[in-house]
There are 4 protein chains.
Amino acid sequence: MPTPAGAQPVTLLRQLRRADYRHWHTITTRWMDNDVYGHVNNVHYYSYFDTAVNQYLIGAGALDPQHGAVIGLVVETACNYFQPLAFPDSVTAGIRVTRIGHSSVRYEVGLFRGDEDRVCAAGHFVHVLVDRASRRPVGLPAALRQAVDALMVAVPPP
Amino acid sequence: MPTPAGAQPVTLLRQLRRADYRHWHTITTRWMDNDVYGHVNNVHYYSYFDTAVNQYLIGAGALDPQHGAVIGLVVETACNYFQPLAFPDSVTAGIRVTRIGHSSVRYEVGLFRGDEDRVCAAGHFVHVLVDRASRRPVGLPAALRQAVDALMVAVPPP
Amino acid sequence: MPTPAGAQPVTLLRQLRRADYRHWHTITTRWMDNDVYGHVNNVHYYSYFDTAVNQYLIGAGALDPQHGAVIGLVVETACNYFQPLAFPDSVTAGIRVTRIGHSSVRYEVGLFRGDEDRVCAAGHFVHVLVDRASRRPVGLPAALRQAVDALMVAVPPP
Amino acid sequence: MPTPAGAQPVTLLRQLRRADYRHWHTITTRWMDNDVYGHVNNVHYYSYFDTAVNQYLIGAGALDPQHGAVIGLVVETACNYFQPLAFPDSVTAGIRVTRIGHSSVRYEVGLFRGDEDRVCAAGHFVHVLVDRASRRPVGLPAALRQAVDALMVAVPPP
């Protein structure tokens, strides 16, 4: 990642609001999410991302983590942090999909504190769908395709 | 982040080897790092990043998390995952610095499994240095400046 | 820890229900709480304990983790696991206090899945109240005393 | 859990030293192990327990978390905290076994900071061995029996 990945996205992401997302999930922060500086450590934001998206997929019948033949492996993640979250904040995670490939999906997640309308942090991760046993990429199963289509948004080109 | 951040970096990052980093730190994986798919969950990689860099800074006398007047807040993180890590792997984290601003530092971290020479995952985070009390950006203290200079590498332009 | 906390409680704890607790707090489980066996790893239960009690104390004005003169250090913890929790379960943590010493408090926590009336897991931790700077034990501040009195229950002797 | 595990051990545990354990494993602490008070949060100690024991079992060929027919479920855990650990401490976990039942094992773990000879924290957990599919208790497989026999110590009655 030789390019300064931070700057340009910031301009765009600062604008992100609840209405930019398609599905919402409540996350309760935990005491140990806070690090020595008194705010949620940057690492935990990614556990909120995982949680929001996988909970959506499980609820939609599009993911069976224990027995499904197809699972999603994470190949890329990123996050920009604008305002700190801190326990005991309640967090709403908004999710959306901005790219669907043959065997991959890009999920974007925004984290909102309490009733605020602007993201405190926003990021994304990319799932590659693979066969559970062989770990080789496969096409999106129909139920997953339907679930992610429902989250798809058009994003203007950079 | 409207741009497909995944693809181009991959080409470059696949080449990263131990010699591309400037300082190394051993991380022991933990039982609960593995998620239901039997590999280290993508979230924990970021705790390895934090750990490697902060341990270096503390050892260099450049960071006092409890009492120092200047602390580093994370404003941006990203990671690409090439090969899975899994408990009980032993991991070596290599670190380097690719950008030093007036009040920010970009740390890049590569994670190596056992004795392997190519990264399993590589990413970065950006610290903004702030006054502990006011949380306003400040210039790099001398000890920090010296510590990060020692990690600086020239990265070819994209 | 003057009383044998381990054995007898088992018989008792199996009987514990929502009505045995005095305050409740919702915990949302997370994807990475599940370990390779598909259930919440035993470790995370303790983060639920911390979270429920500290959130109660903060809400009651009895704990200021960042600036308060008195903080609680954990000297003892234990948990019995009866039924597994698993992401994406929603968990209710019930809390109560069963012993208040000059500078210590024993908090007991029960974890309930969804609407169930019997605990899936039950445990406790003991806080010793100390001066933040000296880390020497101190008497309970008035606000804390009031907050824990409100959670106090009489427990029959073993 | 027929024996009162809580109280008497305190007196005993304060005496525990490296020589009281049978196998050792190095744990590297992590930045985010520290909570807002600047020490390793009480929760993480349990992840050190899990890690030390499971790593021993995997190394001994007595546990295959992904495919083995028999897995260990944790039904009871406890820990006493004597001296705080803090990142970036290096920790040695000593393990031993004090009870082997038909389908259960009690593992005890002591955590040592750096080169110190007395435990900073000591605790235990009880595994019930179950069939992976049915989750019903089963007798200890031979390889496991051999591995835990090697850790067995006689503990004087309370």
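Across its full length, chain A carries 3 helices and 5 strands. Along the chain direction, N to C, the helices and strands of chain A fall in the order α-β-α-β-β-β-β-α. Residues classed as buried in chain A amount to 57% of the 158 residues present. By sequence separation, contacts in chain A at least 24 residues apart represent 73% of the contacts at least 6 residues apart. Carbon and sulfur atoms provide 55% of the accessible area of chain A, an area that totals close to 6,000 Å².

Let's shift gears to the relation of the copies chain D and chain A. The operation relating chain D to chain A is a screw motion whose rotation component is 180°, with 0.0 Å of axial translation and a residual RMSD of 0.0 Å. Such values leave the two copies arranged in the relation of a two-fold axis. Taking C-alpha positions as the reference, the residue of chain D nearest the rotation axis is Val36(D), at 2.0 Å. The overlap is high: 100% of the interface residues of chain D also sit at the interface in chain A, so the same surface is used on both sides.

The subject of this paragraph is the sheet that holds strand E2 (residues 70-81) of chain C. Either a parallel or an antiparallel arrangement is found when strands of a sheet pair, and the pairing is made through backbone hydrogen bonds. The strand order E1(C)-E3(C)-E4(C)-E5(C)-E2(C)-E2(D)-E5(D)-E4(D)-E3(D)-E1(D) describes an open sheet built from 10 strands, whose pairing is antiparallel. This sheet does not close on itself; its edge strands, each paired only once, are strand E1 (23-28) of chain C together with strand E1 (23-28) of chain D. When strand polarity is set aside, the average angle formed by the axes of neighbouring strands in this sheet is 30°. As paired elements, strand E3 (residues 90-100) of chain D and strand E4 (residues 104-113) of chain D share 9 bridges and run antiparallel to each other. Bridging from a neighbouring strand, Ala93(D) pairs with Leu111(D) of E4(D). Across the face of the sheet, helix H2 (residues 42-59) of chain D comes into contact with E2 of chain C together with E1, strand E2 (70-81), E3, E4 and strand E5 (121-131) of chain D while running at roughly 140° to E2(D). Packing of helix H3 (residues 142-149) of chain D onto the sheet brings it into contact with E3, E4 and E5 of chain D, and relative to E3(D) it is tilted by some 115°.

Following the criterion strictly, the structure yields 3 cavities of 30 Å³ or more and no others. In this structure, the largest cavity encloses a volume near 150 Å³. Lining the largest cavity are 17 residues; nearest its centre among them are Met32(A), His44(A), Met32(B), Met32(C) and Met32(D). Taken together, the residues of the lining of the largest cavity sort by class into 4 nonpolar, 5 polar and 8 charged.

A word on the interface of chain D and chain A. In this complex, chain D contributes 10 residues to the contact, which on the side of chain A involves 10 residues. Summed over both sides, the interface of chain D with chain A buries roughly 900 Å², with 66% coming from carbon and sulfur. The largest per-residue losses of area from chain D upon contact with chain A belong to Trp31(D), Met32(D) and Val36(D), which jointly make up 57% of the total buried on that side. Viewed at the interface, chain A and chain D are joined by 0 salt bridges. Of the residues assigned to the side of chain D that touches chain A, the class counts are 5 nonpolar, 4 polar and 1 charged.

Before going further, it helps to examine the sheet that holds strand E2 (residues 70-81) of chain A. Read from one edge of the open sheet, 10 strands run E1(A)-E3(A)-E4(A)-E5(A)-E2(A)-E2(B)-E5(B)-E4(B)-E3(B)-E1(B), paired in antiparallel fashion. Looking at strand neighbours, the two that pair on one side only are strand E1 (23-28) of chain A together with strand E1 (23-28) of chain B, the edges of this open sheet. Averaged over all pairs of adjacent strands, the angle between their axes in this sheet comes to 30°, without regard to strand direction. The sheet contact formed by strand E4 (residues 104-113) of chain A and strand E5 (residues 121-131) of chain A spans 8 bridges and is antiparallel. Looking across to E5(A), one finds that Gly110(A) is bridged to Ala122(A). Sitting on the sheet, helix H2 (residues 42-59) of chain B is in contact with E2 of chain A together with E1, strand E2 (70-81), strand E3 (90-100), strand E4 (104-113) and strand E5 (121-131) of chain B, with an inclination near 140° to E2(B). Across the sheet, helix H3 (residues 142-149) of chain B is in contact with E3, E4 and E5 of chain B; its angle to E3(B) comes to roughly 115°.

With that out of the way, let us pick up the environment of Gly101(D). Examined against the element boundaries, Gly101(D) turns out to sit in the loop between E3 and E4. Linking Gly101(D) and Asp117(D), residues 16 residues apart in sequence, is a C-alpha distance of 30 Å.

This part takes up the packing of aromatic side chains. Inspection of the entire model under this criterion finds 30 aromatic pairs over all chains. Here the aromatic rings of Trp31(A) and Tyr37(D) are separated by 5.6 Å at their centres, their planes lie at 55°, and the arrangement is tilted. On the criterion of chain membership, the pair formed by Trp31(A) in the loop between E1 and helix H2 (44-59) and Tyr37(D) in the loop between E1 and H2 is interchain, its members lying in two chains. Across the pair, Tyr37(D) and Trp31(A) agree in class, each one buried. Site record: aromatic cluster; members linked through ring pairs are Tyr46(A), Phe49(A), Tyr46(B) and Phe49(B). Cation over ring: Arg96(A) sits above Tyr21(A), and NZ or CZ is 5.4 Å from the ring centre.

This brings us to unusual backbone geometry. Of the consecutive residues Phe87(A) and Pro88(A), the connecting peptide bond is found in the cis state with omega at 10°. If you check the backbone angles, Arg135(D) has positive phi at about 60° while not being a glycine. Here Arg135(D) is to be found in the loop between E5 and H3.

Our next topic: the pattern of salt bridges. Under the definition given, this model contains 28 salt bridges over all chains. One salt bridge in this structure joins Arg106(D) and Glu76(D), with 4.0 Å as the shortest N-O distance. One end of the pair, Arg106(D), is in strand E4; the other, Glu76(D), is in strand E2, with 30 residues separating them in the sequence. The pair Arg106(D) / Glu76(D) is uniform in exposure class, with both members buried. Residues participating in the shared-partner salt-bridge network are Glu76(A), Arg96(A), Arg106(A) and Glu108(A).

Calculation rules
- Residues numbered from 1 in each chain as written.
- Chains lettered and ligands numbered in written order.
- Predicted model: local features only at pLDDT ≥ 70, side-chain atom pairs only at ≥ 80, totals over all residues.
- Heavy atoms only, no water.
- Helix = DSSP H or I, 4+ residues; strand = E, 2+ residues; numbered from the N terminus.
- Buried < 20%, exposed > 50% of the residue type's maximum accessible area, 1.4 Å probe, protein only.
- Contact = heavy atoms within 4.5 Å.
- Areas by Shrake-Rupley, 256 points an atom, 1.4 Å probe, with all protein chains shown as cover.
- Least-squares fit on C-alpha atoms with pLDDT ≥ 70 in both.
- Pairing = 2+ DSSP bridges.
- Axes fitted to C-alpha atoms, helices over the stretch in contact; angles between N-to-C directions.
- 1 Å grid on protein atoms, 1.4 Å probe; cavity = no way out; pocket = protein on both sides within 12 Å on 5 of 7 lines; lining within 4 Å.
- Points joined across faces, edges and corners; volume = space filled by probe spheres on them.
- Nonpolar A, V, L, I, M, F, W, Y, C, P; charged D, E, K, R; others polar.
- Buried area = accessible area lost by both parts, 1.4 Å probe.
- Salt bridge = Lys/Arg side-chain N within 4 Å of Asp/Glu carboxyl O.
- Phe/Tyr/Trp six-rings, centres within 6.5 Å; stacked < 30°, edge-to-face > 60°.
- Lys NZ or Arg CZ within 6 Å of the ring centre and 35° of its normal.

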